[in-house]
Amino acid sequence: LDDILAGKAANPAPLDKIATYSQRLDTTSTSSLAGHAFFNGKNVKYNDDDTPGSLRVYNLPTLFSRIGFQAAPATFFYPAESVVIPLSLYVVADLDSPEGLNLVKEALVSIGPDTRTRISFLHNPVIDPSEESKRPLTSWLLSHLIKSRLLSKGSRKQLLIALAVRVLTESVKVADFSAGACIEFAELLAREIGVKPGQQALLIKGRVVFPFEGPNAFQVADFIALEGYEARKRAEPVISPFEAISPSSIQDDSHAFRATFADLISITSSAVAAIQLPDPSDISLFQARDYSPGYTLAMDVSPAWLVRPREALYDPDNIQLDHLSPGDSSLEAIFDLDYLVDEGHAREIHSNSPPPGLHIELLRGGDEASPIDDTQVVANLGYFQFKATPGVLGLEIRKGRGRDVYEMESVGNEG
């Protein structure tokens, strides 16, 4: 490494391979002038606005009070079958753009029988809200449902059908629309949490997850994974004390209790998280970016074979087909069989019990066979195990006290 940094490397090939590898992982200086970091195997790009140290968690009561935003229970969409709803999620996007509409649909489709998240929507348009525009009805529809306290009464199917109808309005201004104030508050909230006009983001229990772009930047599986992570890391520690105090109240299935409990957990967990240092794993979780599926190239062999790749141009455990070098249309790897795992069970003939602690050894060769591995018989079922390369092998009791006490009668399936 010192030779490479000093420009003294005799063979430039390693630098070419490093360049190819960096291109494949998109970790070049062009993609991020400030550099890159890896957290739990995830690549995070540094820039002025989004660094691992800039994880944003807000105290929701303080945030809402500062801008005069009122989040009533009826302004959320609730999963129909879940009793306890500990997570509150705001989807922030330009709801009238194709990307924003797709993000809304992905969020709604992610709601299933076991979902424990309620969802609301914040319109974050690129255009000036005071300008006249001819836009689809998405933002008007959702803002109207929120302002009228009707969002909580709709079903997932009804909302998805309504969102599929892409009707254009007449030229209107936000100020002329009945839900205009709701949209203006949404934009103000987006600015407060550092989301620029038109950007997509998620606000879940005070934590901001952004930025991500494109129609498929955050999909159903991502919403489900985010819910599982937030429930485990930040909701359950807050729910546990309530369960300890009053276990029966947590199972109240009335809509009023679900809404009140969701408000309580959302406010409490955001306040606690805002005054605590973040978990290091939070820093890179869902740093959303376009990604491609990863594949693994491996040998389908017996579990007793210890096989590993010896030669491969690409990492066989992390293959991304759209990041192959130009001209590569296929992948090749050469695997080596390092060892075979030889295992068995030993027992005494008369008592049919294991000889615990007996030293045995594996030998290779003919008349002058030499030991290549040794082990002890364990008390649990008389199990023993060796590692060896393929070949004709012998098994003996190792020289010592064991040979004075035991002799080997037979070896193999009939042993």
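The structure under discussion appears in the preceding block.
What you see as residue numbers is a count from 1 along each chain, following the sequence as written. At least 70 in pLDDT is required for a residue's local features to be given in this predicted model, at least 80 for side-chain atom pairs to be given and counted, and no such filter applies to totals for whole chains, interfaces and linings, which use all residues. For the side-chain quantities, the full set of heavy atoms in the structure was used; hydrogens and water were omitted.

### Topic: the packing of aromatic side chains
Pairing of aromatic rings covers Phe, Tyr and Trp, the last through its six-membered ring, and needs centres within 6.5 Å; plane angles under 30 degrees mean stacked, over 60 mean edge-to-face, and all others mean tilted. Under the counting rule described, the total for this entry stands at 4 aromatic pairs. Ring centres of Phe 218 and Phe 223 lie 4.9 Å apart, and the angle between their planes is 80°; this geometry places the pair in the edge-to-face category. Classification of Phe 223 as buried rests on a relative accessible area of 5%. Through a chain of ring-to-ring contacts, the aromatic side chains of Phe 64, Phe 76 and Tyr 90 assemble into a single cluster. Two conditions define a charge sitting above a ring: the NZ of Lys or the CZ of Arg must be within 6 Å of the ring centre, and it must be within 35 degrees of the ring normal. Between Arg 118 and the ring centre of Phe 76, over which it is positioned, the NZ or CZ distance is 3.9 Å. Three exposure classes are used, based on accessible area relative to the maximum for each residue type with a 1.4 Å probe and protein chains only: buried under 20%, partly exposed in between, and exposed over 50%.

### Description of the pattern of salt bridges
For side chains of opposite charge, pairing can occur when their charged atoms come near one another. Think of a salt bridge as a Lys or Arg side-chain nitrogen and an Asp or Glu carboxyl oxygen that are within 4 Å of each other. According to the stated counting rule, one finds 10 salt bridges in the structure shown. Across the pair Lys 205 and Glu 230 runs a salt bridge, and its minimum N-O distance is 3.8 Å. With Lys 205 in the loop between strand S5 (200-204) and strand S6 (207-212) and Glu 230 in helix H8 (residues 220-245), the pair connects residues that are 25 residues apart, well separated along the chain. Both residues of the pair, Lys 205 and Glu 230, count as buried. If you follow the salt bridges from partner to partner, you end up with Lys 205, Arg 207 and Glu 230 in one network. Every helix listed is a DSSP run of H or I at least four residues long, and every strand listed is a run of E at least two residues long, numbered separately from the N terminus.

### Points about the sheet that holds strand S7 (residues 305-312)
With antiparallel pairing, the 3 strands of this open sheet are ordered in space as S7-S8-S11. Of all strands in the sheet, those bounded by a partner on one side alone are S7 and strand S11 (383-388). Mean inter-strand twist for the sheet, computed between neighbouring axes without regard to direction, equals 20°. Here the rule is simple: two strands pair whenever DSSP picks up at least two bridges between them. Angles here are taken between N-to-C directions and fall from 0 to 180 degrees, while the axes themselves are lines fitted to C-alpha atoms, restricted in helices to the stretch in contact.

### Examining the packing of helix H4 (residues 98-109) against helix H6 (residues 156-164)
Between H4 and H6, the shortest axis-to-axis distance is 10 Å and the interhelical angle comes to 165°. What the angle tells us is that H4 and H6 run roughly antiparallel. As H4 packs across H6, the resulting crossing turns out to be left-handed. On H6, the residues touching Leu 101, Val 104, Lys 105, Leu 108 and Val 109 of H4 are Arg 156, Leu 159, Leu 160 and Leu 163. Gly falls in the polar group here, along with every residue not listed as nonpolar (Ala, Val, Leu, Ile, Met, Phe, Trp, Tyr, Cys, Pro) or charged (Asp, Glu, Lys, Arg). For the contact of H4 with H6, a count of residues per class yields 7 nonpolar, no polar and 2 charged. When an angle is under 35 degrees it counts as roughly parallel; over 145 it counts as roughly antiparallel; between 65 and 115 it counts as roughly perpendicular; any other value is oblique. By definition, any crossing whose near helix is turned counterclockwise from its far helix by less than a right angle is left-handed, and any crossing with a clockwise turn is right-handed. Note on definitions: a residue-residue contact is assigned when non-hydrogen atoms from the two residues lie within 4.5 Å.

### Here's the deal with the environment of Gly 68
Tracing the sequence through the fold places Gly 68 in the loop between helix H3 (60-67) and strand S3 (87-93). Using a relative accessible area of 40% as the deciding quantity, one classes Gly 68 as partly exposed.

### Considering H4
Helical geometry: 3.6 residues make up each α-helical turn, so side chains three or four residues apart lie on a common side. In this scheme, a helix's expected span is set at 1.5 Å multiplied by one less than its residue total. Its 12 residues give H4 an end-to-end C-alpha distance of 16 Å, which sits within 8% of 16 Å, the value for a rise of 1.5 Å per residue. Restricting attention to buried positions, one finds in H4 the residues Gly 100, Leu 101, Leu 103, Val 104, Glu 106, Ala 107 and Leu 108.

### Comments concerning the nonpolar core
Generally speaking, nonpolar side chains in soluble globular proteins are found buried as a group. The set of buried Ala, Val, Leu, Ile, Met, Phe, Trp, Tyr and Cys residues whose side-chain atoms join them within 4.5 Å is what this entry labels a nonpolar core. Ranked by size, the top nonpolar core spans 27 residues in total, and within it Val 91, Phe 121 and Leu 202 carry the most contacts. Residue assignment for this core shows that the elements contributing at least two residues are S3, H4, strand S4 (117-123), helix H5 (138-147), H6, S5, S6 and H8. With 5 residues, the top contributor of residues to this core is H4. Ranked by size, the runner-up nonpolar core spans 23 residues in total, among them Leu 63, Tyr 78, Leu 203 and Val 208.

### Thoughts on the sheet that holds strand S10 (residues 370-376)
Read across the sheet, 3 strands follow the order S10-S9-S12 without closing on themselves; strand pairing throughout is antiparallel. Strands with a single pairing partner mark the edges of an open sheet, and in this sheet they are S10 and strand S12 (393-397). Here the strands of the sheet are splayed against their neighbours by 25° on average, with no regard to which way each runs. Note: strand S9 (residues 359-364) against S10, 6 bridges, orientation antiparallel.

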